[in-house]
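Coordinate inspection notes
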Amino acid sequence: MQSCTNQKNNSEIFGHWISTKSTNTVELQFFKDSLIYNAWEKTTKFKWESNRTKIYYVQLTNINPELETDFIMEYRLNSEKDTLFVKTSESNFTNEFIKKTAD
């Protein structure tokens, strides 16, 4: 896994995030040592690290040997820290996630 900094993961992104712009519901759950991605009724687990602008993540489950397993997302939070904007380098599309609060 790459790392551009010695900083620990940005704890402001820990938690459960739900997409608002995808055609299908996409959920990200950031934990201290893992990232759970739910989309299209499929759950995938990743190991991750972050710096101030990027999330580096490595797929741990549902691995297909023919597909890439290491990824990078650019991210930013809004000023209230309740909306997460993410974009991959392969796309111009920025997805928007709202932080899910406890019911």
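The structure we're discussing is the one just above.
Note that the structure is predicted; figures quoted are calculated from it, not measured.

Not every positive phi belongs to a glycine, and W40 is a case in point at roughly 50 degrees. When you line up the elements, W40 lands in the loop between β3 (35-39) and β4 (42-50). Residue W40 is classed as exposed on the basis of its relative accessible area of 62%. Positive phi is not limited to glycine here, since K81 has a value of about 65 degrees.

All right, on to the packing of aromatic side chains then. Following the criterion strictly, the structure yields six aromatic pairs and no others. For the pair Y37 and F46, a centre-to-centre distance of 6.5 Å together with 85 degrees between the ring planes defines the contact as edge-to-face. Classification of F46 by relative accessible area gives buried; the value is 6%. When the ring of F46 is compared with that of Y57, the centres are 5.1 Å apart and the planes differ by 75 degrees; the resulting orientation is edge-to-face. Highlighted residues: F46 in strand β4 and Y57 in strand β5 (residues 54-59), separated in sequence by 11 residues. Y57 gets classed as buried once you look at its relative accessible area, which sits at 10%. An aromatic cluster is present here, built from Y37, F46, Y57 and F71 joined pairwise through their rings.

Our focus in this paragraph is the environment of K32. Residue placement: K32 occurs in the loop between β2 (26-30) and β3. Take K32: its relative accessible area is 68%, and that puts it in the exposed class. Through-space distance from the C-alpha of K32 to that of N51 is 14 Å; in sequence the pair is 19 residues apart. Sequence-distant contacts of K32, that is, excluding residues within four places in its chain, are made with N9, F14 and W48.

Calculation notes
Numbering of residues begins from 1 in every chain and follows the order in which that chain's sequence is written. Restriction of local features to residues with pLDDT of at least 70 applies here, the model being predicted, together with a cutoff of 80 or more for giving and counting side-chain atom pairs; totals for whole chains, interfaces and linings are based on all residues. The side-chain values count all of the structure's non-hydrogen atoms but skip hydrogen atoms and water molecules. Comment: elements are numbered from the N terminus, with helices defined as DSSP H or I runs of at least four residues and strands as E runs of at least two. Think of it in three bands: with a 1.4 Å probe and only protein chains considered, a residue is buried below 20% of the maximum accessible area for its type, exposed above 50%, and partly exposed in between. Side-chain rings of Phe, Tyr and Trp, where Trp is taken by its six-membered ring, are said to pair if the distance between their centres is within 6.5 Å; with planes under 30 degrees apart they count as stacked, over 60 as edge-to-face, and otherwise as tilted. Here, two residues are considered to be in contact whenever any of their heavy atoms come within 4.5 Å of each other.

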